[in-house]
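Commentary on secondary and tertiary structure
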Amino acid sequence: MTIAVNPETQPKVSRRRRKLSLQYSAYFIHSLMGLKLTLLLTVVLLSGALATVQQEIDWLLYDEMRAQVQQERLGAGELLDKLQAAYPDNGMFFFRTAEDYPHLNAYARYIDNQGGWRQAWIDPYSGEVTGDTVLLTVGQFIGFLHATLFLPAIGNSVVNALGLLVLISLITGLIAVPKFWRYFLVWPRRGNLRVFLGDLHRLVGLWSLWIVLIIGVTGSWWFYQDPFVKYFGVPDVVAAHREAPVLEPSQLSELAVAGVPVALTAAQVVERVTAAYPDLQINVINPPEHNAEPYEVIGKRDEWLLSEWKGDRVFVHPYTGEIIVTYATAEFSPVQRFDLAMQPLHYGTWAHKSADITVKVIYLIGGLAMSFLAISGLIVSYKRVRRAAKKAQRYSLLRRRLLALWKVVRPWGGPMGVFKYFNLLALIGICYGTSVALTLSEQGTRGSGYLYAEQSVGPWQVSMNAVAGLLEKDLPPIRPGVSTVLNASLSSEALQQIQFIYANVGEPLALEEVEEFIHGPIGAKHMELEVPEQIDEETLLWVTAVDWQGQVYRRAWPLLPNGELTYKAQQN
């Protein structure tokens, strides 16, 4: 007997099967992406949610940060000058005016006498210095944790990779739920915890689509830049921003005709900038870190999706007040502008004035919802695995033995599989990195690594110490072919009389051969020292100082410890 087949029905069955296959594949990928790194993802998501209000958390905890609001604010430059006067032995850097936050004090960062990083606060209305706090306040700690996980070198890359994971989870999650828009108002079913959590997971996910999309896109964008552009050399689609100008030695020599020139105050610099750009809201001031470096004043007008420390950059001659060059955001390419928009879009800091806290609270809720998605997804999957395991007990003897064998082959078990060990290892690394970061924020690197005894370089006394890096201060600082950080200690009187000071390994360099000077704020002078591939016990570290009249002075130290002029610091 011949059975008639309607050919019109065949494509429909084929399409249906393809749809089911796509749906199942998407569900599988969605589950895989979310489950295998759940613990690490939860840390990043939860810290990210709190990082949106990190400033507000600190404002509640630290009296030094709270301003007494009045009608008029003091000038940004005047505030910086007052802070510097309050801490004469510690140079201020990265001064933030907090113009967009009326109840927040302005602050500048500095390095204290023990080498720890701190922030000094000043009331922008009265000019009263209200005190100082550690760099890693509670809110700042949360922010650094979210951005780096306190993992040296790879922290940013790991966090950015999770951003790509979030984007993949979003796309596959939507594919796995056909006609997902029908479930926006469907309340979770009750009576079974697994079913309830599964429905709630879907409901929260749908209402969190906006924040998941933002985090996925911004995280994926940064993932391309770090690690791929940064470490693997792939083409960077964002054109490099123009570098800060540097004054030529001849320009400085002209100033020294009448003796040692006197630098302008921050108030005088800001006065020049305000006169040239009266509509510019000044947000950040970066004072020069050596004599050839200009003041950098960063501000914005009415731009949206632009963080307060990324805007128009005005560079001012520190001795004459001349505006050397201005890099305006209006001149940026669309790709550069898109790149600058990623940070405020990611953290919810793009709103102005009174709308700022409202947007941040919405981001906080969205971030907490994403954290719930990670945790609930793991619970639902775990319950499904247990349910499947119970059903397997009713299988035949052969199936039960195969199941037992599989458990032996895969002793780790559970929905996360072997990745749970990766998560635990990452958490251990985070805890260790956190302890190191907290210690360094208080103690810095001063006195570690190799110490170079005080010697006279011309009329000035100079001592130094070399450290491998901020998070590697216990490693040997001098290694062939590896650059190191060289900290230099000079008196404030010496810094006024010295035009340039620099260090190098091997033979002393002439001024025109120098690529980097010893620079930094008062009390924290340093440079990145290039160590050659070939060094031995006879290799010397040279320091060269040039005064304002062009007189050159040099002194050498043994590069490697000899127990006399150069020696290893005692480890605590």
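To keep things clear, this report deals only with the structure shown in the data block. Predicted model, so just to flag it, every value in this text is computed and none were measured.

**Let's talk about the packing of helix α2 (residues 38-51) against helix α5 (residues 138-148)**
- In the contact formed by α2 and α5, the axes pass within 8 Å of each other and the chain directions differ by 140°. In this view, α2 runs oblique relative to α5, as classed from their interaxial angle. Like other packed secondary-structure pairs, α2 and α5 cross with a definite hand, here left-handed. In this structure, α2 uses Val-44, Ser-47, Gly-48, Leu-50 and Ala-51 to contact α5, whose residues at the interface are Ile-142, Gly-143, Leu-145 and His-146.
- Residue composition of the contact of α2 with α5, by class: 5 nonpolar, 4 polar and no charged.

**Remarks on the side chain of Asn-465**
- Structurally, Asn-465 can be placed in strand β10 (residues 460-467).
- The buried category is assigned to Asn-465, whose relative accessible area is 7%.
- Engagement of the side chain of Asn-465 in a polar contact is seen with the backbone oxygen of Ser-448, the distance being 3.1 Å.
- Filtering out sequence-adjacent residues up to four positions away, Asn-465 remains in contact with Thr-445, Gly-447, Ser-448, Tyr-450, Leu-451, Tyr-452, Val-485, Leu-486 and Asn-487.

**Re a nonpolar patch on the surface**
- Judged by side-chain polarity, Tyr-224, Phe-228, Tyr-231, Phe-232, Val-237 and Val-335 come together as a nonpolar surface patch covering roughly 540 Å² of accessible area.
- Tallying contributions element by element places helix α8 (residues 209-232) first for the nonpolar patch, with 4 residues.
- When you line up the elements, Phe-228 lands in helix α8.
- With relative accessibility at 30%, the residue Phe-228 sits in the partly exposed group.

**Thoughts on the sheet that holds strand β12 (residues 498-505)**
- Overall, antiparallel pairing links the 3 strands, which are arranged β12-β14-β15 in an open sheet. Unpaired on one side and paired on the other, β12 and β15 (552-558) mark the two borders of the sheet. Between one strand and the next, the sheet's axes are offset by a mean angle of 15°, whatever the strand orientation.
- Strand direction decides the pairing type here: strand β14 (residues 540-547) and β15, joined by 7 bridges, are antiparallel. By the bridge assignment, Leu-541 is partnered in β15 with Trp-557.

**Examining the pattern of salt bridges**
- This model, assessed by the stated rule, comprises 14 salt bridges.
- Arg-202 is the salt-bridge partner of Asp-199, the closest N and O atoms lying 3.6 Å from each other. Residue Asp-199 and its partner Arg-202 are located together in helix α7 (residues 193-207), separated by 3 residues, close to a single helical turn.
- On the accessibility criterion, Asp-199 (6% relative accessible area) is buried.

**Things to note about α2**
- Taking 1.5 Å per residue as the helical rise, α2 with its 14 residues ought to reach 20 Å, and the 19 Å between its terminal C-alpha atoms agrees with that figure.
- Burial within α2 is extensive, with 10 of its 14 residues counted as buried.
- Every buried residue of α2 is listed here: Thr-38, Leu-40, Leu-41, Thr-42, Val-44, Leu-45, Ser-47, Gly-48, Ala-49 and Ala-51.

**Focus: the nonpolar core**
- Judged by nonpolar contacts, the single largest core of 28 residues is most densely connected at Leu-41, Leu-149, Leu-162 and Met-370.
- At the level of elements, α2, α6 (155-176), α8, α12 (355-392) and α14 (419-443) are the ones that each hand at least two residues to this core.
- Sorting elements by how many residues they give to this core places α6 first, with 6 residues.
- With residues up to four places along the chain from it excluded, the contact list for Leu-41 reads Leu-162, Leu-165, Val-166 and Ala-374.
- By size, the runner-up hydrophobic cluster in this structure holds 26 residues, among which are Val-457, Met-527, Leu-559 and Leu-560.

**Here's the deal with the sheet that holds strand β2 (residues 106-111)**
- Here we have 8 strands laid out as an open sheet, ordered β4-β3-β2-β1-β5-β6-β7-β8, and antiparallel in their pairing. Both outer strands of the open sheet, β4 (129-134) and β8 (323-327), are each paired with one neighbouring strand and no more. The mean angle between the axes of side-by-side strands here comes to 20°, regardless of whether they run parallel or antiparallel.
- The sheet contact formed by strand β3 (residues 117-122) and β4 spans 5 bridges and is antiparallel. Residue pairing across strands places Trp-121 opposite Gly-131, the latter belonging to β4.

**Comments concerning the packing of helix α4 (residues 76-86) against helix α10 (residues 266-276)**
- The contact between α4 and α10 brings their axes to 7 Å, and the two run at 170°. What the angle tells us is that α4 and α10 run roughly antiparallel. Between α4 and α10 lies a crossing of right-handed hand. Taking contact as the criterion, the partners of Ala-76, Gly-77, Glu-78, Leu-80 and Asp-81 in α4 are, on α10, Ala-266, Ala-267 and Val-270.
- Looking at the contact of α4 with α10, its residues break down into 5 nonpolar, 1 polar and 2 charged.

**Some remarks on the pairing of strand β1 (residues 93-96)**
- Bridging between β1 and β2 involves 2 bridges; their strand directions are antiparallel. In the sheet register, Phe-93 faces β2, and the bridge partner there is Arg-109.
- The pairing of β1 with strand β5 (residues 281-286) spans 2 bridges and is antiparallel. Its bridge partner lying in β5, Arg-96 is registered against Val-284.

**Considering the environment of Asn-113**
- Counting through the fold element by element, Asn-113 comes out in the loop between β2 and β3.
- We classify Asn-113 as exposed; its relative accessible area is 54%.
- Taking the C-alpha atoms as reference, Asn-113 lies 7.5 Å from Gly-523; in sequence the two are 410 residues apart.
- Contacts of Asn-113, omitting those with residues within four sequence positions, involve Asn-90 and Arg-446.
- Reaching out from Asn-113, the side chain makes a polar contact with the side chain of Asn-90 at a distance of 3.3 Å.

**Regarding unusual backbone geometry**
- For Leu-149, which is not glycine, the phi dihedral falls at a positive 55°.
- Its place among the elements puts Leu-149 in the loop between α5 and α6.
- By relative accessible area, Leu-149 is classed as buried at 0%.
- Not every positive phi belongs to a glycine, and Phe-150 is a case in point at roughly 55°.
- Inspection of the secondary structure puts Phe-150 in the loop between α5 and α6.
- The exposure class assigned to Phe-150 is buried, which follows from its relative accessible area of 8%.

Procedures and definitions
- Residues numbered from 1 in each chain as written.
- Predicted model: local features only at pLDDT ≥ 70, side-chain atom pairs only at ≥ 80, totals over all residues.
- Heavy atoms only, no water.
- Axes fitted to C-alpha atoms, helices over the stretch in contact; angles between N-to-C directions.
- Helix = DSSP H or I, 4+ residues; strand = E, 2+ residues; numbered from the N terminus.
- Parallel < 35°, antiparallel > 145°, perpendicular 65-115°, else oblique.
- Left-handed = near helix turned anticlockwise from the far one by under 90°.
- Contact = heavy atoms within 4.5 Å.
- Nonpolar A, V, L, I, M, F, W, Y, C, P; charged D, E, K, R; others polar.
- Buried < 20%, exposed > 50% of the residue type's maximum accessible area, 1.4 Å probe, protein only.
- Polar contact = N/O pair within 3.5 Å; in protein donor to acceptor, adjacent residues only side chain to side chain.
- Patch = residues over 30% accessible without salt bridge, like charges linked within 9 Å, V, L, I, M, F, W, Y side chains within 5 Å.
- Areas by Shrake-Rupley, 256 points an atom, 1.4 Å probe, with all protein chains shown as cover.
- Salt bridge = Lys/Arg side-chain N within 4 Å of Asp/Glu carboxyl O.
- Pairing = 2+ DSSP bridges.
- Expected span 1.5 Å × (residues − 1).
- Core = buried A, V, L, I, M, F, W, Y, C linked by side-chain atoms within 4.5 Å.

So, to be careful, I would describe these as geometric facts and stop short of saying anything about function.
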